[in-house]
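# Coordinate inspection notes
As a plain string of letters, each chain reads:
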Amino acid sequence: MSSLRIDEVLAFFLRKMNLKSERRGIHVDQSELLCKKGCGYYGNPAWQGFCSKCWREEYHKARQKQIQEDWELAERLQREEEEAYASSQSTQGAQSLTFSKFEEKKTNEKTRKVTTVKKFFTASSRAGAKKEIQEAKAPSPSIHRQASIETDRVSKEFIEFIRTYQKPGQDIYKQCKLFLDTMSHKRELSIEEQSECAQDFYQNVADRLQTRWKVPPEKVEKAMDEVEKYIMTRQYKYVFCPETTDDEKKDLAVQKRIRALHWVTPQMLCVPVSEEIPEVSDMVVKAITDIIEMDSKRVPRDKLACITKCSKHIFNAIKITKNEPASADDFLPTLIYIVLKGNPPRLQSNIQYITRFCNPSRLMTGEDGYYFTNLCCAVAFIEKLDAQSLNLSQEDFDRFMTGQTSPKKQESDSFSPDVCLGVKQMCKSLDLLSQLNERQERIVSEAKKLEKDLIDWTDGIAKEVEDIVEKYPLEIKPKSQALAAIDSENVENDKLPPPLQPQVYAG
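Residues numbered from 1 in each chain as written. Predicted model: local features only at pLDDT ≥ 70, side-chain atom pairs only at ≥ 80, totals over all residues. Heavy atoms only, no water.

## Digging into the pattern of salt bridges
As a reminder of what qualifies: Just to be clear on terms, a salt bridge is a Lys or Arg side-chain nitrogen sitting within 4 Å of an Asp or Glu carboxyl oxygen. By definition, any uninterrupted DSSP run of H or I lasting at least four residues is a helix, any uninterrupted run of E lasting at least two residues is a strand, and each is numbered from the N terminus.
For the coordinates displayed, the defined rule picks out 19 salt bridges. Salt-bridge contacts for D330 lead to K322; the nearest nitrogen and oxygen are separated by 2.7 Å. One salt bridge in this structure joins R399 and D396, with 2.3 Å as the shortest N-O distance. Residue R399 and its partner D396 are located together in helix α17 (residues 394-402), separated by three residues, close to a single helical turn. Salt bridges linked by common partners bring R153, E157 and K229 together as one network.

Rendered as structure tokens:
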């Protein structure tokens with residue numbers, strides 16, 4: 001998939017979220033959120049615009065191509081070594097034979113490593129994993145370590161649930177235990193490969209329930225929700241924001257970006273929500289709370305539920321404000337405003353976690369998939385937001401970003417005649433506080449810079465003095481004793497001659 005870049009997909013969504021000149025709103029059609037392959041499911045920027053199904057197909061094609069190239073490379077290296085061994089056999093003797101065998105063994109080891117991932121995804125992977133577990137004499141300590149309270153609770157709930165399915169439930173539990181044991185031995189795999197394992201497991205369990213046990217579709221969906229809850233609660237600490245990825249770096253970048261855009265107002269985004277209405281203000285607070293609460297959940301489905309609740313609060317706020325049902329053109333700008341105002345923690349990590357380990361059927365269809373796709377578009381818009389997106393000049397945008405001025409002061413100068421004097425005074429006071437806060441931040445920043453400069457200057461002077469003293473060492477001689485005046489009375493030294501007396505001569 002080297003020809004497909006995530007930047008191109010984000011640019012695609014940003015082009016779709018264009019600004020209409022007559023209403024200055026962010027517009028995106030529902031059809032533009034669908035998979036770019038035209039299958040009818042929702043796409044995702046993390047999947048480069050594809051849905052989960054099409055992305056897996058494209059990923060597998062690229063993976064098979066890479067594996068084939070690795071095979072060809074390994075075979076070519078092996079042929080070259082065999083030819084070199086055959087040509088040098090007559091001259092090298094036993095020593096050459098030993099060395100060639102060593103090289104052959106090394107090549108076989110390389111070939112085995114290349115095919116490890118391919119073997120893991122083949123149909124026989126389950127049998128191989130089962131055999132590996134049976135041959136193990138001792139259980140893995142990472143699986144049987146003392147579980148947390150939440151893990152124990154989820155495990156008990158899962159066991160109670162599968163009892164209602166009788167034999168299919170026993171099969172589900174067996175498959176889940178086998179998957180967890182297998183994943184405990186596959187910690188060295190990349191997070192993308194672990195995601196592929198989880199997606200394959202979801203698909204295999206769902207197919208097994210439908211084809212072998214003839215379970216109705218509604219019960220299959222409910223069972224898959226419980227399976228996801230069980231395995232991802234146990235796998236959460238291993239696969240959420242792992243150290244092998246740059247998820248944490250992206251989280252910090254998005255958080256810093258949102259903080260820099262604190263000045264963006266609802267009017268700039270054409271948000272059809274009036275927070276002056278108490279009921280609407282409560283809906284906005286609930287939406288922000290839900291999007292922030294997403295980080296506290298451990299199951300992808302629960303994180304999706306937080307996004308769905310947040311989106312429904314947004315639709316209710318728009319409906320109350322406009323006194324009519326909200327549209328998609330109203331929803332997306334409001335969602336962007338909620339994300340900017342709430343600045344959810346570890347936003348990118350949560351999105352990546354849902355993308356990698358959520359049941360793919362939830363992301364491809366339904367309201368959860370629609371709201372999640374809109375959230376991905378909102379984050380992409382925030383990352384690429386510029387002056388043109390807000391209908392601002394580049395100069396104003398730069399001044400707002402650097403904190404030189406605030407757009408709130410310009411907007412608070414114009415009030416409708418119906419606004420009371422107290423509201424006007426409150427807005428002016430808020431603008432003044434905002435400016436004072438910005439000045440205080442600049443003063444603190446400059447003070448810290450000045451303190452650092454003084455420390456650096458002091459250290460530099462001290463270093464220069466030390467260098468000079470080291471280069472030209474000073475020899476301080478002891479202070480010599482002061483000589484007494486010859487005409488003074490010196491009681492300490494008796495050897496001095498008496499003072500001279502004037503002599504008188506007769507004429």
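Next comes the rest of the account.
## Some points on the confidence of the model for the protein
Put simply, the rule reads: On a scale of 0 to 100, pLDDT captures the predictor's confidence in every residue. The contact criterion used is simple: two residues touch if any of their non-hydrogen atoms lie within 4.5 Å.
In this model, the protein carries a mean pLDDT of 79, and residues with pLDDT of at least 70 account for 73%. The weakest mean pLDDT in the protein belongs to helix α3 (residues 116-121) at 42; the strongest belongs to helix α12 (residues 300-322) at 96. Every residue in residues 16-24 is under pLDDT 50, and counting partners more than four places away or in other chains gives 29 contacts.

## Section: the packing of α12 against helix α14 (residues 347-357)
As a reminder of what qualifies: Note on definitions: angles span 0 to 180 degrees between N-to-C directions of axes, and those axes are lines fitted to C-alpha atoms, for helices only across the stretch in contact. Throughout, the term roughly parallel applies to angles under 35 degrees, roughly antiparallel to angles over 145, roughly perpendicular to angles from 65 to 115, and oblique to all others. In this scheme the crossing of two helices becomes right-handed for a clockwise turn of the near helix relative to the far one and left-handed for an anticlockwise turn of less than a right angle.
It is at 9 Å that the axes of α12 and α14 come closest, and there the two elements cross at 125°. Taken together, the axes of α12 and α14 are oblique relative to one another. You can see that α12 and α14 cross each other, and the crossing is left-handed. Contact residues: α12 offers P300, K303, L304 and I307, while α14 offers N350, Y353, I354 and F357.

## Here we look at the side chain of N359
Note the cut-off: To sort residues, take the accessible area from a 1.4 Å probe on protein chains only and compare it with the maximum for the residue type: under 20% means buried, over 50% means exposed, and anything in between is partly exposed.
Position of N359 relative to the elements: it lies in the loop between α14 and α15 (360-364). Note on N359: relative accessible area 8%, which makes it buried. Contacts of N359, omitting those with residues within four sequence positions, involve Y202, M224 and E228.

## Some points on the packing of aromatic side chains
Cut-off, in case you're wondering: Think of it this way: a Phe, Tyr or Trp ring, Trp meaning its six-membered ring, pairs with another when their centres are within 6.5 Å, and the plane angle makes it stacked under 30 degrees, edge-to-face over 60, tilted otherwise. Two limits define a charge over a ring: the Lys NZ or Arg CZ must be within 6 Å of the ring centre, and within 35 degrees of the ring normal.
Evaluation of the coordinates by the stated rule reveals 16 aromatic pairs. For the pair F158 and Y230, a centre-to-centre distance of 4.4 Å together with 5° between the ring planes defines the contact as stacked. Highlighted residues: F158 in helix α5 (residues 149-163) and Y230 in helix α8 (residues 217-239), separated in sequence by 72 residues. Both residues of the pair, F158 and Y230, count as buried. Relative to Y371, the ring of F315 has its centre 6.2 Å away and its plane inclined at 50°; by these criteria the two rings are tilted. Of the two residues, F315 sits in helix α12 while Y371 sits in helix α16 (residues 366-383), which places them 56 residues apart along the sequence. Here Y371 falls in the buried class, since its relative accessible area comes to 9%. An aromatic cluster of at least three residues, connected via ring pairs, comprises Y236, F240, Y353 and F357. Above the ring of Y238, the side-chain terminus of R187 is found at 3.7 Å from the ring centroid. Over the face of the ring belonging to Y165 we find K219, whose NZ or CZ atom lies 4.7 Å from the ring centre.

## Thoughts on the environment of S327
Tracing the sequence through the fold places S327 in the loop between α12 and α13 (328-342). On a C-alpha basis, the gap between S327 and F315 in space is 8.4 Å, while along the polypeptide they are twelve residues apart.

## Considering the environment of I288
Within the secondary structure layout, I288 lies in helix α11 (residues 278-293). C-alpha separation for the pair I288 and I314, spaced 26 residues apart in sequence, amounts to 9.6 Å. Here I288 is in contact with I338, K341 and G342, once residues within four sequence places are set aside.

## A look at the packing of α12 against α13
Heads up, the condition is: Residue type decides the class: Asp, Glu, Lys and Arg count as charged, Ala, Val, Leu, Ile, Met, Phe, Trp, Tyr, Cys and Pro as nonpolar, and the leftover types, Gly among them, as polar.
Contact geometry for α12 and α13: axes closest at 10 Å, N-to-C directions at 115°. Classified by chirality, the crossing of α13 by α12 is right-handed. Here α12 contributes C310, S311, I314, F315, I318 and K322 to the contact with α13, which in turn contributes D330, F331, T334, L335 and I338. Its residues assigned to classes, the contact of α12 with α13 comprises seven nonpolar, two polar and two charged.

## Details of unusual backbone geometry
Residue Q166 is not a glycine yet carries a positive backbone phi of 55°. Structurally, the position occupied by Q166 is in the loop between α5 and α6 (167-184). Although it is not a glycine, N343 sits at a positive phi angle of roughly 45°. When you line up the elements, N343 lands in the loop between α13 and α14.

## With respect to the side chain of S349
Relative to the assigned elements, S349 resides in helix α14. Residue classification places S349 among the buried residues on the basis of a relative accessible area of 1%. Those residues in contact with S349 that lie beyond four places of it in its chain are F240, C241, D247, E248 and D251.

## Quick word on α11
To keep things clear, this is the line we draw: Every helix has an expected span of 1.5 Å times one less than the residues it contains.
The end-to-end C-alpha distance of α11 is 22 Å, a good match for the 22 Å that 16 residues give at a rise of 1.5 Å each. For α11, the secondary structure elements touched by its buried residues are α12, α13 and α16.

## Remarks on the nonpolar core
Note the following rule: Here the nonpolar core consists of buried residues drawn from Ala, Val, Leu, Ile, Met, Phe, Trp, Tyr and Cys, with membership extended through side-chain atoms lying within 4.5 Å.
Ranked by size, the top nonpolar core spans 52 residues in total, and within it L269 and I307 carry the most contacts. Considering each element in turn, this core owes the most residues, nine residues, to α16. The contact partners of I307, leaving out residues within four places of it in the chain, are I291, M294, I354, Y371, F372 and L375.

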